[in-house]
Amino acid sequence: MVGNWIKTSILMAGIVVLFATVGMLLGGQKGMLIALLFAGGMNIYAYWFSDKMVLKMYNAQEVDAQSAPDFYAMIAELAQRAGLPMPRVYIIDEAQPNAFATGRNPEHAAVAATTGIIQLLSPRELRGVMAHELTHVKHRDILISTMSATVAGAITALAQFGMLFGGGSNNDERNVSPVASIIIMLVAPIAAMLIQMAISRAREFGADQGGAEISGDPAALAAALRKIEAYARGTPLETAERHPETAQMMIINPLSGDSVKHLFSTHPSTDERVERLLAMRQGSA
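Residues numbered from 1 in each chain as written. Predicted model: local features only at pLDDT ≥ 70, side-chain atom pairs only at ≥ 80, totals over all residues. Heavy atoms only, no water.

On to helix α4 (residues 123-138), then. With 16 residues, α4 ought to run about 22 Å at 1.5 Å a step, and its terminal C-alpha atoms sit 22 Å apart, in line with that. Across the 16 residues that make up α4, a large majority, 13, are buried. At the C-terminal side of α4, Arg 140 shows a positive phi close to 55°. (Helix = DSSP H or I, 4+ residues; strand = E, 2+ residues; numbered from the N terminus. Expected span 1.5 Å × (residues − 1). Buried < 20%, exposed > 50% of the residue type's maximum accessible area, 1.4 Å probe, protein only.)

Below, the structure is given as structure tokens:
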């Protein structure tokens, strides 16, 4: 788990350095500050209110010990094992098996699962999945995602401002040619997106490891990931297709097709995730 945090820290440092470099080259100190404030404002709003927006978007229904006793009791037991406050618990009436966590901190967290995943998985497997989601809460991955999105958004804003107002017009003072400015405007947002996605993949590995530790059953989570991927491929999740920006929240990429792969994926490959989980089981044997 320490390795995942080191990787995330290096990637976060990388995206900040990229922002500072692009900002100084294209916009100078003033332009860099304007872009950061612009992106930061949008993402601070998202950080505080995204949980309500996403849960409403997916028509998630809150449940309790009376309406979903087994599922609610499972979350309560796992939250206690993780040392977390009890989150709000939601069920989404969708056939695709998937789950996610949201909320700005452990005190304002929510976990959600589709009816498809509850029906598909065994209690052991579902327990591993929900432990994974609670690990996202424990690691404050929503905050990390918001921070990376803020800086990536600021880089994109700088590039867009440069294109609108002529990135090369004031670059004489910074010794940047117009051609170099155009290249920076085109390449920088892609580089920022790649780093942001790499951060997301690192956090998924961290949540797998933490979920296996909380549930005490890495093999169950590995089996769950295999099942979810196999069934999700043939079962569309229309809300995710309409709002692909929410795909990174899910335990398995919910989008149809194979266009989002490798560098452009917010999730690691399932094969690699399963391999790491099974290695944990062997290491503890």
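Structure's up, so let's keep going.
What follows concerns the environment of Phe 100. With respect to the helices, strands and loops of the structure, Phe 100 is situated in strand β3 (residues 99-102). Between the C-alpha atom of Phe 100 and that of Thr 114, which follows or precedes it by 14 residues, the distance is 9.2 Å.

Moving on to the side chain of Thr 114. Structurally, the position occupied by Thr 114 is in strand β4 (residues 110-114). Leave out the neighbours within four places in its chain, and Thr 114 touches Ile 92, Glu 94, Gln 96, Pro 97 and Asn 98. (Contact = heavy atoms within 4.5 Å.)

Okay, the packing of aromatic side chains next. Here the structure, examined in full by the defined rule, presents one aromatic pair. Centroid distance Tyr 58 to Phe 100: 5.8 Å. Interplanar angle 50°. Geometry classified as tilted. Residue Tyr 58 is found in the loop between α1 (2-57) and β1 (61-63), and its partner Phe 100 is found in strand β3; the two are separated by 42 residues along the sequence. Across this residue pair, the class does not change: Tyr 58 and Phe 100 are buried. Arg 276 extends its terminal NZ or CZ atom over the ring of Phe 205, reaching a point 3.6 Å from the ring centre. (Phe/Tyr/Trp six-rings, centres within 6.5 Å; stacked < 30°, edge-to-face > 60°. Lys NZ or Arg CZ within 6 Å of the ring centre and 35° of its normal.)

The alternating pattern of β3 places Ala 99 and Ala 101 and Phe 100 and Thr 102 on opposite faces, both of which are buried. By the bridge criterion, four bridges tie β3 to β4 in an arrangement that is antiparallel. Bridge pairing links Phe 100 to Ala 112 in β4. (Pairing = 2+ DSSP bridges.)

Once that is clear, we can look at the packing of helix α2 (residues 69-82) against α4. Here α2 crosses α4 at 50°, and the two axes come no closer than 10 Å. Taken as axis vectors, α2 and α4 run oblique relative to one another. Relative to α4, α2 is oriented so that their crossing is right-handed. Residue-level contacts link Phe 71, Met 74, Ile 75, Glu 77, Leu 78, Ala 79, Arg 81 and Ala 82 of α2 to Pro 123, Leu 126, Arg 127, Met 130, Ala 131, Leu 134 and Lys 138 of α4. Residues of the contact of α2 with α4, tallied by class, amount to eleven nonpolar, no polar and four charged. (Axes fitted to C-alpha atoms, helices over the stretch in contact; angles between N-to-C directions. Parallel < 35°, antiparallel > 145°, perpendicular 65-115°, else oblique. Left-handed = near helix turned anticlockwise from the far one by under 90°. Nonpolar A, V, L, I, M, F, W, Y, C, P; charged D, E, K, R; others polar.)

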